[in-house]
Amino acid sequence: MTESMVGPAAGVGAGTGAGAGVTGGPGVAELRALVAAAGAAPSLHNAQPWRFRPTGDGLGVLVFADLARAVPLADPDGRGMLLSVGAALFNLRVAAARLGLPVEELDLMPGPLGVVGPDEPVAVVRFGPRGVPYELAELAELAEEIGRRHSSREPFTNRDVPEAVIGELVAAAADEDTVLDVLEEAGVRRVLALTAEAEARIAGDAARRAETGSWLRAEPAGPTGPAEAVRDGIPERALGPQDHEARIPVRDFAGHGPAHTQRFEALPQVATIATRGDTAADWLRAGQAMERVWLVATARGLRISVLHQAVELPDTRWRLRDPESGIGTVQVVLRIGYGPPGAATPRRDVEDLLDDPAGER
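Residues numbered from 1 in each chain as written. Predicted model: local features only at pLDDT ≥ 70, side-chain atom pairs only at ≥ 80, totals over all residues. Heavy atoms only, no water.

(A) Examining the overall build of the chain more closely. In terms of helices and strands, the chain carries 9 helices and 12 strands. Counting over 361 residues, the chain shows a buried share of 55%. Within the chain, residue pairs in contact and separated by at least 24 positions form 78% of the contacts whose partners lie at least 6 positions apart. Of the roughly 14,900 Å² of accessible surface on the chain, 54% is carried by carbon and sulfur atoms. (Helix = DSSP H or I, 4+ residues; strand = E, 2+ residues; numbered from the N terminus. Buried < 20%, exposed > 50% of the residue type's maximum accessible area, 1.4 Å probe, protein only. Contact = heavy atoms within 4.5 Å. Areas by Shrake-Rupley, 256 points an atom, 1.4 Å probe, with all protein chains shown as cover.)

In structure tokens:
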């Protein structure tokens, strides 16, 4: 999962003059602001697999998975793609709250068969009358963090996250109907071992290495970059080092081994996000929970990276479950701590994300 260059300058700010209680969906500028914020979400290999369209009545937004941006070998069932779309959906909700637009209805996988198709929305967001500020304050406060949230693949310090902050992260996940479990030492070592096992298997698969390599992006040659700027994928500056002690299995995106190493934290703080079920709707919920947790963590000065390798393989993903409770299905593994913010990654233009047949609205 990767990160954003989008921030308050993208238009996530005050509303356009509509008063509290006024019925009406977002105007053109507001719609663009919503999509810009959504497009700042993290995604597997920074593929940014999402599209958006206003509803026919203009009172909502249709959210689509962009199947042309799938990563089929790393994500054969589309779970990671829908996690990413869920994260984008949460950013859209945050931006809407900042504009005073309450989400009156949120429908996940609304199609009759729950199918992910090119013309089937995976979510429908419908807005109600513009609310009074305090009703939307909790979400609206996170809007400033959208542009500050980055994946940090750098070493973290050995400073523990305070219990009060952990409580906030647990509550953030619960607000999205998921469970965040911050692991004790034995659980951390078990999950790191599974991640290392999965990383070794992935690194040994030539086809997977080629797929990952296709999303790597060279840095711009000049100070302003080439005429057609790169808008997706992972730039070299965002790859990060490998762990000198090989305790934390950082993904080897470049596929050439640990050319650059640093000493990472002795025992990372690792958390999992689990859902009760394992359906496409659950994947969207997990993505929203991941982004909510990430934005709250960013507001508290924390950094996060996603350890995604073990969830890419069916057997290691199954073994991520807590062997004692076995409750729920783990969808996300996060490494959390204090350290450098990590590098921003490129973003697609709003025009590439927004299908607006009613563009004159």
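(B) How the structure looks around the packing of aromatic side chains. Taken as a whole and assessed by the stated rule, the structure comprises 0 aromatic pairs. When the ring centre of Phe 64 is taken as reference, the NZ or CZ atom of Arg 51 above it lies at 4.8 Å. Cation over ring: Arg 149 sits above Trp 294, and NZ or CZ is 4.5 Å from the ring centre. (Phe/Tyr/Trp six-rings, centres within 6.5 Å; stacked < 30°, edge-to-face > 60°. Lys NZ or Arg CZ within 6 Å of the ring centre and 35° of its normal.)

(C) Local environment of the pattern of salt bridges. Applying the stated criterion across every chain, the model contains 28 salt bridges. With a shortest N-O distance of 2.9 Å, Arg 32 and Glu 351 are connected by a salt bridge. Here Arg 32 is found in helix H1 (residues 28-38), whereas its partner Glu 351 is found in helix H9 (residues 350-353), with 319 residues between them in sequence. According to the relative accessible area criterion, Arg 32 is partly exposed, its value standing at 34%. Measuring nitrogen to oxygen at the nearest pair gives 2.7 Å for the salt bridge that ties Arg 98 to Glu 144. With Arg 98 in helix H2 (residues 79-98) and Glu 144 in the loop between helix H3 (133-140) and helix H4 (163-175), the pair connects residues that are 46 residues apart, well separated along the chain. Taking the relative accessible area as the measure of exposure, Glu 144 reaches 25% and is therefore partly exposed. (Salt bridge = Lys/Arg side-chain N within 4 Å of Asp/Glu carboxyl O.)

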